[in-house]
Amino acid sequence: MSEQDGARVIGGRTYDFSRRVVVMAIVNRTPDSFHDRGRTFALEKATEAVRAAAADGADWIDIGGVPFAPGPEVSAAEELDRVLPVVEAARDLAVVSVDTFRPEVAREVIKAGAGVVNDTSGLRDPAMADAVAGTDAQLVICHSLAAPRTLYPRPQYGDVTAEVGAFLREKVELALSRGVRPDQIIIDPGHDLNKNTLHSLEITRRLDEIAAIGYPMLAALSNKDFIGETLDRPQQERLAGTLATVVFCILRGARIMRVHDVRAASDAIRMTEAMLGWREPVYTRHNMT
């Protein structure tokens, strides 16, 4: 039995990843975020976005105070000032995830009620594992090559899926060696993080090989450039491509889908669950009498 099988209690809620897909909404308190470009940087806008995401069907809400992409330094104190009020606003509405690469931030947000730490740096600082070990929080281990906020021009791979898989296995072993329990670990292949469009498409095509590592898998692909370049669509016109990719990734083993457009993604995900036999219709009237 893999760690994908069976139930986990996360943020006080129970999830069976063998039969359930989590809708993870994105709320960033950053002026330079990838998709919303600062739309939810103001605290009032961020808390409004949290409430809207929960109303639209988000199971988890992923809160970010510092993007992974290159940009100016943001101190740990400033990051905490950005994310802690949003954690407090979200924790009664959904499972709270915080997107951070800093162990000191992880410790504080877990104390504040976060149930997930989403480390896009892939345990670049092994102390992140120490921050999560001994708690009830989940740890997302994501594949990336660059240090956060730095450029990594023209990434090269021999076999991108095999190399991403090897990286994730190594980092999982690192987390386990530092006291993180197997039932705390989630993996993420890191679509577009230090990867070009051909790399991201190849990983998606072979995503079942990443799922076979044996831990619940997160796919963070919403509106990303590999979708835009494949379809020749600008940033704000990638919803259809995103939804197609979401469904494909579920069929390849992804169980947590990190998305911007929560209502549309939730409908696509719930319909996929129903077609797989994991979810009953909300009601049945058509041809029932």
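Along each chain, residue indices are assigned from 1 in the same order as the chain's sequence is written. In keeping with the model being predicted, local features are shown solely for residues with a pLDDT of at least 70 and side-chain atom pairs are shown and tallied solely at 80 or more, while totals for entire chains, interfaces and linings include all residues. Heavy atoms from the whole structure form the basis of all side-chain values; hydrogens and water molecules are not counted.

(A) View of the overall build of the protein. Strands here are runs of E lasting at least two residues and helices are runs of H or I lasting at least four, both read from the DSSP assignment and numbered beginning at the N terminus. Across its full length, the protein carries 10 helices and 10 strands. Note on method: radius of gyration uses C-alpha positions; expected globular size equals 2.2 Å times residues raised to 0.38. Its C-alpha atoms give the protein a radius of gyration of 18 Å, near enough to 19 Å, the size a compact globule of 289 residues would have. Overall size of the protein, expressed as C-alpha extent along the three principal axes, is 65 × 45 × 40 Å. Working definition: with a 1.4 Å probe on protein chains only, accessible area under 20% of the residue-type maximum means buried, over 50% means exposed, and in between means partly exposed. Expressed as a percentage of the 289 residues in the protein, the buried residues total 54%. In short, Shrake-Rupley with a 1.4 Å probe defines the accessible areas, and a residue's cover is counted only from the protein chains shown. Taken as a whole, the protein presents about 12700 Å² of accessible surface, with 51% of it coming from carbon and sulfur. Taking the average location of the 34 positive side-chain charges in the protein and that of its 41 negative ones, the two points are 2 Å from each other. His is not counted, nor are the chain ends, whereas Lys and Arg count as positive and Asp and Glu as negative. Charged groups are reduced to one reference atom each: NZ for lysine, CZ for arginine, CG for aspartic acid, CD for glutamic acid.

(B) Examining the pattern of salt bridges more closely. Criterion for a salt bridge: a side-chain nitrogen of Lys or Arg within 4 Å of a carboxyl oxygen of Asp or Glu. Inspection of every chain in the model, using the stated rule, returns 18 salt bridges. Across the pair Arg 82 and Glu 78 runs a salt bridge whose closest N-O atoms are separated by 3.1 Å. Pair noted here: Arg 82 and Glu 78 are both in helix H2 (residues 76–90), with a separation of four residues, about one helical turn. Here Glu 273 and Arg 270 are joined by a salt bridge, their closest N and O atoms 3.2 Å apart. You can see Glu 273 and its partner Arg 270 sitting in helix H10 (residues 262–275), three residues apart, about one turn around the helix. Summarising the burial analysis for this pair, Glu 273 and Arg 270 share the class buried. Put simply, Arg 20, Asp 59, Arg 270, Glu 273 and Arg 279 are held in one network by salt bridges that share partners.

(C) Local environment of unusual backbone geometry. A positive phi angle, close to 70 degrees, is found at Asp 192, a residue other than glycine. Phi is positive for Asn 223, which is not a glycine, with a value near 60 degrees. In this structure, Asn 223 sits in the loop between strand E9 (218–220) and helix H8 (225–231). By relative accessible area, Asn 223 is classed as buried at 2%.

(D) A look at the packing of aromatic side chains. Pairing of aromatic rings covers Phe, Tyr and the six-membered ring of Trp, with a centre-to-centre limit of 6.5 Å; geometry is then stacked below 30 degrees between planes, edge-to-face above 60, and tilted otherwise. On inspection of all chains with the given rule, the structure shows two aromatic pairs. Here Tyr 15 and Phe 17 contribute two aromatic rings whose centre-to-centre distance is 6.3 Å and whose plane-to-plane angle is 15 degrees, an arrangement assigned as stacked. For Phe 17, a relative accessible area of 0% puts it in the buried group. On the numbers, 5.8 Å between centres and 90 degrees between planes, the contact of Tyr 15 with Trp 60 is edge-to-face. On the criterion of sequence distance, the pair formed by Tyr 15 in strand E2 (residues 13–16) and Trp 60 in strand E4 (residues 60–64) is long-range, its members being 45 residues apart. You'll find Tyr 15 and Trp 60 in the same group, each marked buried. An aromatic cluster of three or more residues is present, and its members are Tyr 15, Phe 17 and Trp 60.

(E) Molecular detail of the pairing of strand E5 (residues 95–99). Counting buried positions along E5 gives five out of five residues, so the element sits mostly inside the fold. Judged by which residues are buried, E5 turns out to be covered on both faces: Val 95, Ser 97 and Asp 99 on one side and Val 96 and Val 98 on the other are all buried. Each parallel crossover has a hand, and the one from E4 via H2 to E5 is right-handed. Two strands pair when backbone bridges link them, and E5 and strand E6 (residues 116–119) are joined in this way by three bridges, in the parallel orientation. Of the residues in E6, the one forming a bridge with Val 98 is Val 117. Crossover handedness is defined here as right-handed if the route from the first strand over the helix to the second strand goes clockwise, with the strands pointing away from the viewer. A pair of strands counts as paired when DSSP detects no fewer than two bridges linking them.

(F) Representation of the side chain of Ser 266 within the structure. You can see Ser 266 is positioned in helix H10. You can call Ser 266 buried: its relative accessible area is 8%. Discounting residues that sit within four places of it in the chain, Ser 266 has contacts with Val 23, Asp 56 and Gly 57. Note on contacts: a residue pair qualifies if any of its non-hydrogen atoms lie within 4.5 Å across the two residues.

(G) Up close: the sheet that holds strand E7 (residues 138–142). If you walk across this open sheet you meet the eight strands as E8-E7-E6-E5-E4-E3-E10-E9, and the pairing is parallel. Each end of this open sheet is capped by a strand with a single partner; those strands are strand E8 (185–188) and E9. Put simply, the sheet's adjacent strands are angled 25 degrees from each other on average, direction ignored. Along the sheet face, helix H1 (residues 43–55) touches strand E3 (22–28) and E4 and points at about 165 degrees away from the line of E3. Axes, fitted as lines to C-alpha atoms, cover a helix only where it is in contact. Angles between the N-to-C directions of the axes lie from 0 to 180 degrees.

(H) Region of interest: the nonpolar core. Take the buried residues of types Ala, Val, Leu, Ile, Met, Phe, Trp, Tyr and Cys, join any two whose side-chain atoms come within 4.5 Å, and each joined set is a nonpolar core. Ile 61, Leu 139, Ile 187 and Met 257 are the most contacted members of the largest nonpolar core, which has 66 residues in total. If near-sequence neighbours (up to four positions away) are discounted, Met 257 is found in contact with Val 21, Val 22, Val 23, Met 24, Ala 219, Leu 221, Val 246, Cys 249, Ile 250 and Ile 269. If you look at the next biggest cluster of nonpolar residues, it comprises 13 residues, including Val 95, Val 140, Leu 218 and Ala 220.

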